[in-house]
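Understanding the architecture of this molecule
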Amino acid sequence: MKQTPLEEKIAARMQPGVITLSGFLGLDERHYHEIIEADESVMVAYGVSAEEIADRLEYFTTSTYESFQGPVIIDDIYEVETEITRGKLPCPFSHPGLYRKTITTLTNLNTGVTLRWTGLNIHLIRAHHFFEGKGSVFRLDPDLLIKNIF
Ligand SMILES: [Zn+2]
C-alpha cells in the first residue's frame with residue numbers, strides 16, 4: 001500500500017517504544033487502516049457508532065474519576081474503577097494535545113467480562129475509530145465491548 005508521508009509518520013508512532021512502550025498494534029500485521037475498517041464493520045453490524053461507544057466509556061471513566069476508595073457499582077451491573085497515573089500521552093495520529101493517563105477497569109457483573117481502557121483509548125475510538133491492533137495491551141475488541149457496556 002502506498003502511504004502518504006503523514007500515514008507513514010502515524011504508522012511509525014504506533015510502533016513499540018515511540019509513544020508507549022508496547023505500541024498500539026500488538027501482534028497485528030495489518031495496516032492501521034485495515035484494522036479500522038474491520039472494526040467499523042463490527043460497529044455497523046451492531047448499529048452502534050464510535051461516538052456512542054466513546055460516550056459510554058467516558059461516562060464510566062468520569063463517573064469514577066473522583067473515587068479514591070476502589071471500585072464503585074454503576075447502574076447495578078458494572079463494577080468500575082479508574083486509576084489516574086502520572087503523565088500524559090499524545091495521540092499517534094498527530095493531533096495536538098495530550099491525554100491524561102487514566103486507566104479504567106470495568107467488570108460487567110452479569111457476564112463476568114472485565115474490560116480496561118485509557119483516556120487515550122476513548123479519544124482514539126471517538127476521533128479515529130481505532131480500537132488498536134490485536135494483541136496490543138489496550139486493544140478493545142468492539143464486539144466484546146458492545147456486548148458488555150450497553
Ligand atoms: Zn487523535
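Treat the numbers as computed from the prediction; the structure is a model and nothing was measured. Position numbers for residues count from 1 along each chain, tracking the sequence in the order it is written. pLDDT decides what is reported in this predicted model: residues at 70 or higher carry local features, side-chain atom pairs at 80 or more are listed and counted, and totals for whole chains, interfaces and linings draw on all residues regardless. The basis for the side-chain values is all heavy atoms of the structure; hydrogens and waters are excluded.

1. Quick look at the side chain of T61
To keep things clear, this is the line we draw: Strands are runs of DSSP state E lasting at least two residues, helices are runs of H or I lasting at least four, and both sets are numbered from the N terminus onward. Categorising residues by exposure relies on relative accessible area from a 1.4 Å probe, with only protein chains included: less than 20% of the type maximum marks a residue as buried, more than 50% marks it as exposed, and the intermediate range marks it as partly exposed. Note on contacts: a residue pair is in contact if any heavy atoms of the two residues lie within 4.5 Å.
Counting through the fold element by element, T61 comes out in helix α3 (residues 50-64). Given the relative accessible area of 4%, T61 is considered buried. With residues near it in sequence (within four places) discarded, T61 still touches T82, T102, T104, W117 and I122.

2. Points about the coordination of the zinc ion
Around a metal, the perfect tetrahedron of four donors has angles of 109.5 degrees, and the perfect octahedron of six donors has angles of 90 or 180 degrees. Formally: Ligating atoms shown are N, O and S within 2.8 Å of the metal, or 3.2 Å for Na, K and Ca, and water is not included, meaning a site may look less than complete. For a four-donor site, all angles between 85 and 135 degrees give tetrahedral; for four or six donors, opposite pairs above 155 degrees with the remaining angles between 65 and 115 give square planar or octahedral; all remaining cases count as irregular.
Every protein donor of the zinc ion is listed here as C91 (SG), H95 (ND1), H123 (NE2) and H128 (NE2), and their distances to the metal cover 1.9 to 2.2 Å. The coordination sphere of the zinc ion comprises 4 donor atoms, whose angles at the metal cover 102 to 131°; the geometry is tetrahedral. Here the donor residues for the zinc ion map to a single chain with the spacing C-x3-H-x27-H-x4-H.

3. Quick word on the packing of helix α2 (residues 32-46) against helix α5 (residues 142-149)
Each pair of packed helices can be described by the angle between their axes along with the distance between the axes. Rule in force here: Axis definition: a line fit to C-alpha positions, over the contact stretch in the case of helices; interaxial angles, taken between N-to-C directions, run 0 to 180 degrees.
In contact at an axis separation of 9 Å, α2 and α5 are set at 35° when each is read in the N-to-C sense. Where α2 approaches α5, its residues D39, V42, M43 and Y46 are matched on the opposing element by P142, D143, I146 and K147.

4. Concerning α5
One full turn of an α-helix is made of 3.6 residues, so residues set three or four places apart face in the same direction. Those residues of α5 that sit buried are P142, L145, I146, N148 and I149. Packing partners of the buried residues in α5 comprise α2, α3, β2 (78-90), β3 (98-108), β4 (114-118) and α4 (119-128).

5. Topic: the pairing of β3
Where we set the bar: DSSP-based pairing: two strands are paired if at least 2 bridges between them are found.
Note that β2 and β3 share 10 bridges and pair antiparallel. Bridge pairing links E83 to I103 in β3.

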